[in-house]
Amino acid sequence: MSHSLSTEPRHLTGDKAGLREFLDKFDVFLFDCDGVLWSGDHCFPGTVETLELLRKNGKQVVFVTNNSTKSRADYRKKLEALGIPSNVEEIFSSSYSSSIYISRILQLPENKRKVFVIGETGIEQELRSENVPFIGGTDPAYRREITPEDYKLVAAGDESIIDPEVGVVLVGLDFHINYLKHALAYHYVKRGAIFLATNIDSTLPSSGALFPGAGSMSAPLIMMLGQEPTALGKPSQAMMDAIEGKFQFDRSRACMVGDRANTDIRFGLEGKLGGTLGVLTGVSSKDNFVSGPVRPHAYLDKLSDLLESDY
Ligand SMILES: O=C(O)[C@H](O)[C@H](O)COP(=O)(O)O
Ligand SMILES: [Mg+2]
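Note that the structure is predicted; figures quoted are calculated from it, not measured.

(A) Fine view of the overall build of the chain. A tally of regular secondary structure across the chain gives 11 helices and 16 strands. Relative to the globule expectation of 19 Å for 311 residues, the C-alpha radius of gyration of the chain, 20 Å, shows essentially globular dimensions. The C-alpha extent of the chain, read off along each of the three principal axes, is 70 × 35 × 30 Å. Partitioning the intrachain contacts of the chain with sequence separation of at least 6 by distance along the chain shows that 70% fall at a separation of at least 24. Here the chain displays about 13,200 Å² of accessible surface, and carbon together with sulfur accounts for 52% of that area. Taking the 33 positively charged and 41 negatively charged side chains of the chain as two groups, their mean positions are separated by 2 Å.

Structure follows, in C-alpha cells:
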C-alpha cells in the first residue's frame, strides 16, 4: 500500500524557520522510542532537552513503542532513569496493546482463554495486569532443546506438553527464541489457536546497528503456517484508537515522530495525523524517507535538531 506524498519530504535539519513553522502546527507529539530517543540503553544526546523544550511549550508528549520486551511500567522507569519524567498513561507499548486486544476485544471461549507467549517479561506483565492466563514467555521450562520424547508427545497432542486451554499464540521479541518454542506455537495454531504478533518489525536497532526484531520471531511461523499474524503494534490503528481514547486529541494537530517508515510513519499517515516526522538515527535511511513507498511530511538527521528552532 503506497502512501507516497506528492511533495518531497522536507529536510528540516538546520532550517530554523522551517522547524518553528513545523512545531507551531502541533499540540501533540507521539514519539517512537527505539531509534528515536535511544539505541538500546544509549540515549541520544539532546533527547532530554528536546522533550523538555516541547513540554515547556505546552506540547503533549506520548511514547508509542513496538518494543514488547518491557511493560509500560518498565518504560516509565527507563525514561525516568534517562532523565525523562513520564507517567504510565503517556506510554503505549505493543505489549499493552496486545494485552488489551486479547482481554477486551477477543471473545475467547471460557476453556480457551490461555495465551502461549513467545516473548519477554513486558508481555507477561501486561497480560497479568489484564488477568489473562498465559504459559511460555520467560518460563525457563521452555528454554531447552527439544527431545525425542517431545516429538512424540506433541504429535500425540499429549496434555503434558500441549495445554488444551491455549486459545491464542502471541509472538513478540524473544531474546531466548528456540526450536521448541516455534514447534509448540505452530501446533497450537494448527489446533485452532489465534495467531497474534505484538509487532512485525524485521529488525531491532541497538548500539547503532540492527539485530533480529520481533518480526523475525514470527517469520518462521508464517513460513510454516502460510498465514500472517494479526499484529497489534504500529502501524495497526488499534494503538492510535487507544491513544485518541485516552487523550481526546485533534488528530490534525498531532505529529508522529519515528525512525521506521513502514511502522511509525505509516502509523501516522494511516491514522490521518496532521504530521509525520522521520529521524535518521534508527532503521530507515534518507532514501527510504525521500524515495520509498511510505514518506514522512518531514525528516531530521536526529531528534535533537529540533533544538535549533530556539522554540
Ligand atoms: O523488533 C522490535 O520489536 C522493534 O524493532 C523494536 O522494538 C521497535 O521499537 P520502537 O522503535 O517501536 O520503539
Ligand atoms: Mg523505532
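(B) Broad picture of the sheet that holds strand 14 (residues 254-258). In space, the seven strands of this open sheet follow the order 1-16-15-14-2-5-6, with parallel pairing throughout. The sheet terminates laterally at strand 1 (10-11) and strand 6 (91-93), the two strands that pair on one side only. Pairing geometry for strand 14 and strand 15 (residues 275-279), over four bridges, is parallel. Within strand 15, the residue paired with G258 across the bridge is G278.

(C) Fine view of the coordination of the magnesium ion (ligand 2). Within the protein, the magnesium ion (ligand 2) binds to D32 (OD), D34 (O) and D259 (OD); these donor distances fall in the range 2.0 to 2.1 Å. Mapped onto the sequence, the donors of the magnesium ion (ligand 2) take the spacing D-x1-D-x224-D. Within this pair, whereas D32 is found in the loop between strand 2 (28-31) and strand 3 (38-39), its partner D259 is found in the loop between strand 14 and helix 10 (261-270), the two being separated by 227 residues in sequence.

(D) Seen up close, the site of ligand 1. Neighbouring residues of ligand 1: 16 residues in total, closest D32, T65, N66, T203 and A214. Separating an oxygen atom of ligand 1 from a backbone N or O atom of C33 is a distance of 3.3 Å. Between ligand 1 and N67, the relevant distance is 3.3 Å, taken from an oxygen atom to a side-chain nitrogen or oxygen of the residue. Broken down by element, the residue count for the shell around ligand 1 peaks at three residues, all from strand 11 (residues 203-206). When grouped by side-chain class, the residues that make up the shell around ligand 1 number five nonpolar, six polar and five charged.

(E) Structural view of unusual backbone geometry. K234 connects to P235 through a cis peptide bond whose omega is 10 degrees. Within the secondary structure layout, P235 lies in the loop between strand 13 (230-231) and helix 9 (237-247). Although it is not a glycine, S207 adopts a positive phi angle of roughly 50 degrees. In this fold, S207 is placed in the loop between strand 11 and strand 12 (209-212). By relative accessible area, which is 66% here, S207 ends up exposed. Within the chain, D310 stands out as a residue other than glycine whose phi angle is a positive 50 degrees. Here D310 is to be found in the segment after strand 16 (298-300). Taking the relative accessible area as the measure of exposure, D310 reaches 52% and is therefore exposed.

Cut-offs and rules
Residues numbered from 1 in each chain as written. Chains lettered and ligands numbered in written order. Predicted model: local features only at pLDDT ≥ 70, side-chain atom pairs only at ≥ 80, totals over all residues. Heavy atoms only, no water. Helix = DSSP H or I, 4+ residues; strand = E, 2+ residues; numbered from the N terminus. Rg over C-alpha atoms; globule rule 2.2 N^0.38 Å. Contact = heavy atoms within 4.5 Å. Areas by Shrake-Rupley, 256 points an atom, 1.4 Å probe, with all protein chains shown as cover. Lys, Arg positive; Asp, Glu negative; His and termini not counted. Charge placed at Lys NZ, Arg CZ, Asp CG, Glu CD. Pairing = 2+ DSSP bridges. Donors = N, O, S within 2.8 Å, 3.2 Å for Na, K, Ca; no water. Near = heavy atom within 4 Å. Polar contact = N/O pair within 3.5 Å; in protein donor to acceptor, adjacent residues only side chain to side chain. Nonpolar A, V, L, I, M, F, W, Y, C, P; charged D, E, K, R; others polar. Buried < 20%, exposed > 50% of the residue type's maximum accessible area, 1.4 Å probe, protein only.

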